[in-house]
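# Observations on the model geometry
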Amino acid sequence: MADVLSPGWIGPVRLRNRIVKAATYEGLSHRGLVTRDLVDFHVRCARGGVGMTTVAYLAVSRDGRTDRHQVCWADEAMPGLRHLTEAVHREGAAVSAQIGHAGPVAYRAPALAPSRRFNLAGRGFSRAIGKADIDRVVAAHARAARLAVEAGFDAVEVHLGHNYLASSFLSPALNDRDDEYGGSLENRARFARDTMRAVRDAVGDRIAILAKLNMDDGYPGGFGLDEAIPVACWLEADGTVDALEMTAGSSLRNPMYLFKGDVPIREFAAVMPGPVKLGVRLVGRRFLRRYPYRDGYLLEDARKVRAEVRLPMLLLGGVTGRAVMDRAMAEGFEFVAMARALLRQPDLPRLIAADPATPSLCTHCNKCMPTNYTGVRCALVEPASPRSGSWGTPAGYVPRQASAWSER
Ligand SMILES: Cc1cc2nc3c(=O)[nH]c(=O)nc-3n(C[C@H](O)[C@H](O)[C@H](O)COP(=O)(O)O)c2cc1C
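Residues numbered from 1 in each chain as written. Predicted model: local features only at pLDDT ≥ 70, side-chain atom pairs only at ≥ 80, totals over all residues. Heavy atoms only, no water.

## Quick notes on a nonpolar patch on the surface
Judged by side-chain polarity, Phe118, Leu120 and Phe125 come together as a nonpolar surface patch covering roughly 350 Å² of accessible area. In this fold, Leu120 is placed in the loop between strand 7 (118-119) and strand 8 (124-125). (Patch = residues over 30% accessible without salt bridge, like charges linked within 9 Å, V, L, I, M, F, W, Y side chains within 5 Å. Areas by Shrake-Rupley, 256 points an atom, 1.4 Å probe, with all protein chains shown as cover. Salt bridge = Lys/Arg side-chain N within 4 Å of Asp/Glu carboxyl O. Helix = DSSP H or I, 4+ residues; strand = E, 2+ residues; numbered from the N terminus.)

This is how it looks when you write it as structure tokens:
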């Protein structure tokens, strides 16, 4: 059994340990550019001891954004991205870029989706994506991956989960196409596989390629484990992925399925524009359901994928301390991915290295969730005071101004 604190390899990249900061959308970019706060956020994770931090969700094209301020691989964003990767490297950690297209979860209607549906997230009907747009979006993934290499990233993580575009193609509930992208599992997986192939063709072995793939959408008729296992096997056989991170849930239909724990209705309502506030308070419980939390809560399903593939795997979901890390290693996972526990304590890996009994202070209250468009943070920690520009201000690198959800 590997020691979680020992170095590990993902494709061509050596990580100093096996702890990866999972993507938590930071809400810290401004007008598509990296800000000093976004750099600081990842430097804190790196200083805290992770082997690799993940810059969350960088859209591959403008129509794939979940936030109007999101970075989407425009040339102007490159100086800031380079600055970020250099700052993380100086702390001894690797840095990954999560790339993807939000599909039906994109913030602006009409959102692109496999099939037309009424779409709460996009606030209107989604539009069934045509072949030309499919080709464009696949090519945009390849371009994003190439730019990630140029910007100094060690890895890209392709988002194949949470009912973003690739994941909504996989879901039988969201995809009723009758062309080569719908129907059989092989057809529904075509977009994800073509995307991964385009990314591999674009970057070869210059950086590591991870895929974050759903195991279960979390609603009847969605994509489930019985289909996720063959898709994981195909990705392995295609040779397009260096490591798999299995996830769950749907930002579109059942967001809490991934998180488990408390449902912060009041905090969600607070960041919504006026008329939506009341709606969230009244019917929010139906959309934001409560699931019991326990440490390592995705292990049971992820173990079934583990049994079928040889690719390195990251265990995600309620990884909070040494006990669940050791359990993951004992079960054959090569890495662990942590999100909320590191929002609460970015230095948790260092604390655990010093004392394996260090407990996580994360209470899975999930009040961090609605902060992710205004500067993601743990609600139990005082907001940090504004920082000075200790890393200089290269071109294309601006401080984020206050930006409320209602502006999106
Ligand atoms: C505030 C917040 C923002 C998140 N943003 C993203 C994201 O942009 N992309 C993604 O794939 N997952 C995102 N996630 C999900 C996490 O990566 C992770 O899968 C989930 O929190 C479960 O891991 P945990 O139990 O360690 O928190 C987010 C989670 C939180 C709490």
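Further notes follow.
## Overview of the environment of Arg14
Along the polypeptide, Arg14 turns up in strand 2 (residues 13-15). Separated by 321 residues in sequence, Arg14 and Phe335 place their C-alpha atoms 12 Å apart.

## Remarks on the packing of helix 3 (residues 131-150) against helix 6 (residues 190-203)
Where helix 3 meets helix 6, the closest approach of the two axes is 8 Å, and the angle between their N-to-C directions is 35°. Handedness of the crossing formed by helix 3 with helix 6: right-handed. Contacts between helix 3 and helix 6 involve Ile134, Val137, Val138, His141, Ala142, Ala145, Arg146 and Val149 from the first element and Phe191, Asp194, Thr195, Ala198, Val199, Ala202 and Val203 from the second. Its residues assigned to classes, the contact of helix 3 with helix 6 shows 11 nonpolar, 2 polar and 2 charged. (Axes fitted to C-alpha atoms, helices over the stretch in contact; angles between N-to-C directions. Left-handed = near helix turned anticlockwise from the far one by under 90°. Contact = heavy atoms within 4.5 Å. Nonpolar A, V, L, I, M, F, W, Y, C, P; charged D, E, K, R; others polar.)

## Some points on the site of the ligand
Around the ligand lies a shell of 23 residues, among which Ala23, Tyr25, Gln98, Gly318 and Arg340 are the nearest. Here an oxygen atom of the ligand sits 2.8 Å away from a polar atom, N or O, in the side chain of Gln98. The contact in question runs from an oxygen atom of the ligand to an N or O atom on the side chain of Arg340, over 2.7 Å. Burial of the ligand by the protein amounts to 96% of the accessible area it has alone, namely 610 Å². Breaking the shell around the ligand down by element, the ones donating at least two residues are strand 4 (52-59) and helix 8 (256-259). Residue composition of the shell around the ligand, grouped by class: 14 nonpolar, 7 polar and 2 charged. (Near = heavy atom within 4 Å. Polar contact = N/O pair within 3.5 Å; in protein donor to acceptor, adjacent residues only side chain to side chain.)

## What about helix 11 (residues 299-306)?
Those residues of helix 11 lying buried are Leu299, Ala302, Val305 and Arg306. The arc that holds the buried residues of helix 11, viewed along the axis, is 115°, so those residues lie on one side. Looking at the buried residues of helix 11, the elements they touch are helix 7 (225-238), strand 12 (243-247), strand 13 (313-316) and helix 12 (322-330). (Buried < 20%, exposed > 50% of the residue type's maximum accessible area, 1.4 Å probe, protein only. Arc of directions from axis to C-beta.)

## Some thoughts on the pairing of strand 5 (residues 94-100)
Counting buried positions along strand 5 gives 7 out of 7 residues, so the element sits mostly inside the fold. Pairing analysis gives 6 bridges linking strand 4 to strand 5, with the strands arranged parallel. The partner of Ala59 across the bridge, within strand 5, is Gly100. Handedness of the crossover joining strand 4 and strand 5 through helix 2 (residues 78-90): right-handed. (Pairing = 2+ DSSP bridges. Right-handed = clockwise from strand over helix to strand, strands pointing away.)

## Examining the packing of aromatic side chains
The final tally for this structure, using the stated rule, is 7 aromatic pairs. Aromatic pair Phe169 and Phe191: ring centres 4.9 Å apart, planes at 20°, arrangement stacked. Placement of Phe169 in helix 4 (residues 165-170) and of Phe191 in helix 6 is noted, with a sequence separation of 22 residues between them. Seen in terms of ring centroids, Tyr257 and Tyr291 are 5.2 Å apart; in terms of plane orientation they differ by 90°. Their pairing is edge-to-face. A residue pair is termed long-range when its members are at least 10 positions apart, and Tyr257 in helix 8 and Tyr291 in the loop between helix 10 (274-287) and helix 11 qualify at 34 residues. Following the ring pairs from residue to residue traces out a cluster consisting of Phe169, Tyr181 and Phe191. It is Arg253 that lies over the ring of Tyr219; its NZ or CZ is 5.1 Å from the centre. Over the aromatic face of Tyr257 sits the side chain of Lys260, whose NZ or CZ is 4.0 Å from the ring centroid. (Phe/Tyr/Trp six-rings, centres within 6.5 Å; stacked < 30°, edge-to-face > 60°. Lys NZ or Arg CZ within 6 Å of the ring centre and 35° of its normal.)

## Points about the environment of Asn175
The residue Asn175 is located in the loop between helix 4 and helix 5 (185-188) in this model. Judged by its relative accessible area of 5%, Asn175 falls in the buried class. Separated by 13 residues in the primary sequence, Asn175 and Arg188 place their C-alpha atoms 7.7 Å from one another. A distance of 2.8 Å separates the side chain of Asn175 from the backbone oxygen of Phe169, its partner in a polar contact. There is a polar contact of 3.0 Å between the side chain of Asn175 and the backbone nitrogen of Arg177.

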